[in-house]
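# Overview (structure and organization)
Here is how the chains run, residue by residue.
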Amino acid sequence: MRKHFITTIVALFTATNVNATQSFSGTLTVSATVERTTSMTCEPLNFGTILLPAGSEGQVLVNTDNTTDVNYAISVTGASTGYCSFGENSDEITDLFDGIDLSDEPFYLSDNRDSSSSVYVKSLLYESSGNGFLIGGVLYIGENVPSGTYTGSFTVTITY
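All values reported here derive from a predicted model rather than from experimental measurement. (Residues numbered from 1 in each chain as written. Predicted model: local features only at pLDDT ≥ 70, side-chain atom pairs only at ≥ 80, totals over all residues. Heavy atoms only, no water.)

### Regarding the overall build of the chain
Our working rule: Going along the chain from the N terminus, every DSSP run of H or I of four or more residues is numbered as a helix, and every run of E of two or more is numbered as a strand. Working definition: with a 1.4 Å probe on protein chains only, accessible area under 20% of the residue-type maximum means buried, over 50% means exposed, and in between means partly exposed. Here, residues are in contact when the closest pair of their heavy atoms is within 4.5 Å.
Regarding its fold elements, the chain presents 2 helices and 9 strands. The secondary structure elements of the chain, listed N-terminal to C-terminal, are α-β-β-β-β-β-β-α-β-β-β. In the chain, which comprises 160 residues, the share counted as buried stands at 26%. A sequence separation of at least 24 residues applies to 64% of the contacts in the chain between residues at least 6 apart.

### Regarding the state of the cysteines
Our working definition: Only a pair of cysteine sulfur atoms within 2.5 Å qualifies as a disulfide here.
Under the criterion given, the structure shown has 1 disulfide. Disulfide pairing places Cys-42 opposite Cys-84 at an S-S distance of 2.0 Å. Negative torsions about the S-S bond denote left-handed disulfides, and the value of about 110 degrees found for Cys-42 with Cys-84 makes this one right-handed. With Cys-42 in strand S1 (residues 40–43) and Cys-84 in strand S6 (residues 82–86), the pair connects residues that are 42 residues apart, well separated along the chain. A relative accessible area of 42% means that Cys-42 is categorised as partly exposed. By relative accessible area, Cys-84 is classed as buried at 2%.

### Quick look at the environment of Gly-132
Inspection of the secondary structure puts Gly-132 in strand S9 (residues 132–141). As for Gly-132 and Met-40, which are separated by 92 residues in sequence, their C-alpha atoms are 8.5 Å apart.

### Brief notes about the nonpolar core
Put simply, the test is: Take the buried Ala, Val, Leu, Ile, Met, Phe, Trp, Tyr and Cys residues and link them wherever side-chain atoms come within 4.5 Å; each set so joined is a nonpolar core.
Formed by 17 residues in total, the largest nonpolar core has its most connected members in Phe-47, Val-119, Val-121, Phe-133 and Leu-139. Of all the secondary-structure elements, those providing two or more residues to this core are strand S3 (58–62), S6, strand S8 (119–129) and S9. Of all the elements, S9 adds the most residues to this core, at 4 residues.

### Re the packing of aromatic side chains
Counted only if it meets this: Under the pairing criterion, centres of Phe, Tyr and Trp rings, with the six-membered ring standing for Trp, must be within 6.5 Å; the plane angle then separates stacked pairs below 30 degrees from edge-to-face pairs above 60, leaving the rest tilted.
With the rule as written, the count across this model stands at 1 aromatic pair. Here the aromatic rings of Tyr-120 and Tyr-140 are separated by 5.1 Å at their centres, their planes lie at 40 degrees, and the arrangement is tilted. Of this pair, Tyr-120 sits in strand S8 while Tyr-140 sits in strand S9, placing them 20 residues apart in sequence. This pair shows no difference in class: Tyr-120 is buried, exactly as Tyr-140 is.

### Some words on the confidence of the model for the chain
We apply this condition: The score called pLDDT rates the predictor's confidence residue by residue, from a low of 0 to a high of 100.
Chain-level statistics for the chain give a pLDDT mean of 76 and a share of 66% at 70 or above. Mean pLDDT across the secondary structure elements of the chain bottoms out at helix H1 (residues 2–15), with 52, and peaks at S3, with 93.

### Overview of the environment of Ala-54
Relative to the helices and strands, Ala-54 resides in the loop between strand S2 (49–51) and S3. The exposed category is assigned to Ala-54, whose relative accessible area is 80%. Along the primary structure Ala-54 and Val-145 are separated by 91 residues, whereas in three dimensions their C-alpha atoms are 9.0 Å apart.

### Focus: unusual backbone geometry
A positive phi angle, near 75 degrees, is found at Asn-66, a position not held by glycine. Here Asn-66 lies in the loop between S3 and strand S4 (68–71). The backbone phi angle of Asn-144 is positive, close to 60 degrees, even though this residue is not glycine. Topologically, Asn-144 is positioned in the segment after S9.

### What about the layout of surface pockets?
In plain terms, the rule: Both site types are read off a 1 Å grid over the protein atoms alone. A 1.4 Å probe that fits but cannot get out defines a cavity, while an open set with protein on both sides within 12 Å along at least five of seven lines defines a pocket; lining residues have an atom within 4 Å of a point. Grid points are joined across faces, edges and corners, and a volume is the space filled by probe spheres set on the points. Polarity classes work like this: nonpolar for Ala, Val, Leu, Ile, Met, Phe, Trp, Tyr, Cys and Pro, charged for Asp, Glu, Lys and Arg, and polar for all others, with Gly in that last group.
Here the largest pocket is characterised by a volume of approximately 930 Å³. Taken together, 40 residues make up the lining of the largest pocket; nearest its centre are Phe-47, Leu-109, Val-119, Leu-139 and Tyr-150. Of all the secondary structure elements, the ones that give two or more residues to the lining of the largest pocket are S1, S2, S6, S8 and S9. Partitioning the lining of the largest pocket into residue classes produces 24 nonpolar, 14 polar and 2 charged.

Spelled out as structure tokens, the structure:
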């Protein structure tokens, strides 16, 4: 009987081992987004010389076909469409080009006089052309903006 009791105790200790392990398994999804960058050269978008009546506001539109239109301005001369040309792989990029992110509009221009300017590009127009794209836009000139040359720039990024 004693032998049977010891065998039962040993069997009980073996069956209740506290060093048991558990394992879990699952699936991990892996992804990556690759964006390429290349350089491009750009010719400036020039809104030209704008003649406005004193104390009034005005707008100038430069279309991608190099035509202009004015609103409240007397005249505009010397305006020209901008053009950005892609560097390497220009055919591949031009084929995939579907637009420019213009979420940072408007683009304010400065006359370098340390004054806040009411001259800004309200919107940009673009059109694929050759190995790049043409850029036009609408320039707004606020009331009582002093005469002067106003300039500015922005970064153009194309993801393809």
